[in-house]
Amino acid sequence: MTERRIILEMGTGNDLYGEDYTKAACRAVQDALHHSSLVLFTSLGIDHREMRVQVTIAVQAPERVDAKVVAAELPRGRAEVSMVHGGLNVHAPDNATTHVIATAAIAAFLPIEDGAWRLCEPAG
């Protein structure tokens, strides 16, 4: 069976005062999750453990993100978390603070047989 992407969601998160890249990443994941609802598991009787969830976090300091903490934010599926350079740091020189902004892309994949699903015309 071929794995096929069933959803792609994006989100942003920040940590304004602690320069905590993991917190910003977790908030980005939560933002992305709040944009989607995967009802197909209940509707089609699919076990959510079959789903592989690929999370990509973009921040200015990828090495400062704890992937295990980010993976724990996901309510379903088998998480794979990777970090890349991106996001944004906004420096506030008046109080020597760095605001960390993270972006997250969450892609979910299921093993689906070729030709098992197809789009059709609505009945009518």
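Keep in mind it's a predicted model, so treat the numbers as computed, not measured. (Residues numbered from 1 in each chain as written. Predicted model: local features only at pLDDT ≥ 70, side-chain atom pairs only at ≥ 80, totals over all residues. Heavy atoms only, no water.)

**Student:** Which residues make up the environment of Gly77, and what values go with them?
**Tutor:** Relative to the helices and strands, Gly77 is located in the loop between α3 (67-71) and β3 (78-85). By relative accessible area, Gly77 is classed as partly exposed at 30%. For the pair Gly77 and Leu88, spaced 11 residues apart in sequence, the C-alpha separation works out to 29 Å. Beyond its immediate sequence surroundings of up to four residues, Gly77 is in contact with His48, Met51 and Val53. (Helix = DSSP H or I, 4+ residues; strand = E, 2+ residues; numbered from the N terminus. Buried < 20%, exposed > 50% of the residue type's maximum accessible area, 1.4 Å probe, protein only. Contact = heavy atoms within 4.5 Å.)

**Student:** Provide a residue-level description of the nonpolar core, including the pertinent values.
**Tutor:** Judged by nonpolar contacts, the single largest core of 27 residues is most densely connected at Val29, Val55, Ile57, Val70 and Ile106. Looking at this core, the elements that each hand over two or more residues are α1 (21-33), α2 (40-44), β2 (52-59) and β5 (97-112). Excluding residues that lie within four positions of it along the chain, Val70 makes contacts with Ala25, Cys26, Val29, Val55, Ile57, Val65 and Val81. (Core = buried A, V, L, I, M, F, W, Y, C linked by side-chain atoms within 4.5 Å.)

**Student:** An account of the pairing of β5 is needed here, citing residue identities and associated values.
**Tutor:** When you tally the buried positions in β5, you get 12 out of 16 residues, the bulk of the element. Two elements, strand β1 (residues 2-15) and β5, share 13 bridges in a ladder whose sense is antiparallel. From the neighbouring strand, Leu8 faces β5, where its bridge partner is Ala107. Pairing between β2 and β5: 7 bridges, direction antiparallel. Residue Arg52 lies in a different strand from β5, and its bridge partner there is Phe109. In this structure, strand β4 (residues 88-92) lies alongside β5, joined through 5 bridges in antiparallel fashion. (Pairing = 2+ DSSP bridges.)

**Student:** Requested: an account of the side chain of Glu9, with residues and values cited.
**Tutor:** Along the chain, Glu9 turns up in strand β1. What Glu9 contacts, discounting residues up to four positions off in sequence, is Ala32, His35, Ser36, Ala104, Ala105 and Ile106.

**Student:** If you had to explain the packing of aromatic side chains to someone new, which residues and values would you point to?
**Tutor:** Overall, the coordinates contain 0 aromatic pairs when judged by the stated rule. Positioned above the aromatic ring of Phe109 is the side chain of Arg52, whose terminal nitrogen or guanidinium carbon lies 4.3 Å from the ring centre. (Phe/Tyr/Trp six-rings, centres within 6.5 Å; stacked < 30°, edge-to-face > 60°. Lys NZ or Arg CZ within 6 Å of the ring centre and 35° of its normal.)

**Student:** Account for α1, naming residues and giving values.
**Tutor:** For α1, with 13 residues, the first-to-last C-alpha span of 18 Å sits near the 18 Å given by 1.5 Å per residue. Every buried residue of α1 is accounted for by Tyr21, Thr22, Ala24, Ala25, Cys26, Ala28, Val29 and Ala32. Summarising the contacts, the buried residues of α1 are in contact with β1, β2, α3, β4 and β5. Measuring from the backbone nitrogen of Thr22 back to the side-chain oxygen at the start of α1 gives 3.0 Å, which picks out Asp20 as the cap. (Expected span 1.5 Å × (residues − 1). Polar contact = N/O pair within 3.5 Å; in protein donor to acceptor, adjacent residues only side chain to side chain.)

**Student:** An account of the pattern of salt bridges is needed here, citing residue identities and associated values.
**Tutor:** The full count for this structure, using the stated rule, is 5 salt bridges. Among the ionic pairs, Arg52 bridges to Glu3, the shortest N-O distance being 2.7 Å. Of this pair, Arg52 sits in strand β2 while Glu3 sits in strand β1, placing them 49 residues apart in sequence. On the basis of relative accessibility, which here comes to 14%, the residue Arg52 falls in the buried class. Judged by relative accessible area, Glu3 falls into the partly exposed class, the value being 34%. Look at the salt bridges and you will find they share partners, linking Glu3, Arg52 and Glu80 into a network. (Salt bridge = Lys/Arg side-chain N within 4 Å of Asp/Glu carboxyl O.)

Taken by themselves, the reported measurements are silent on function.
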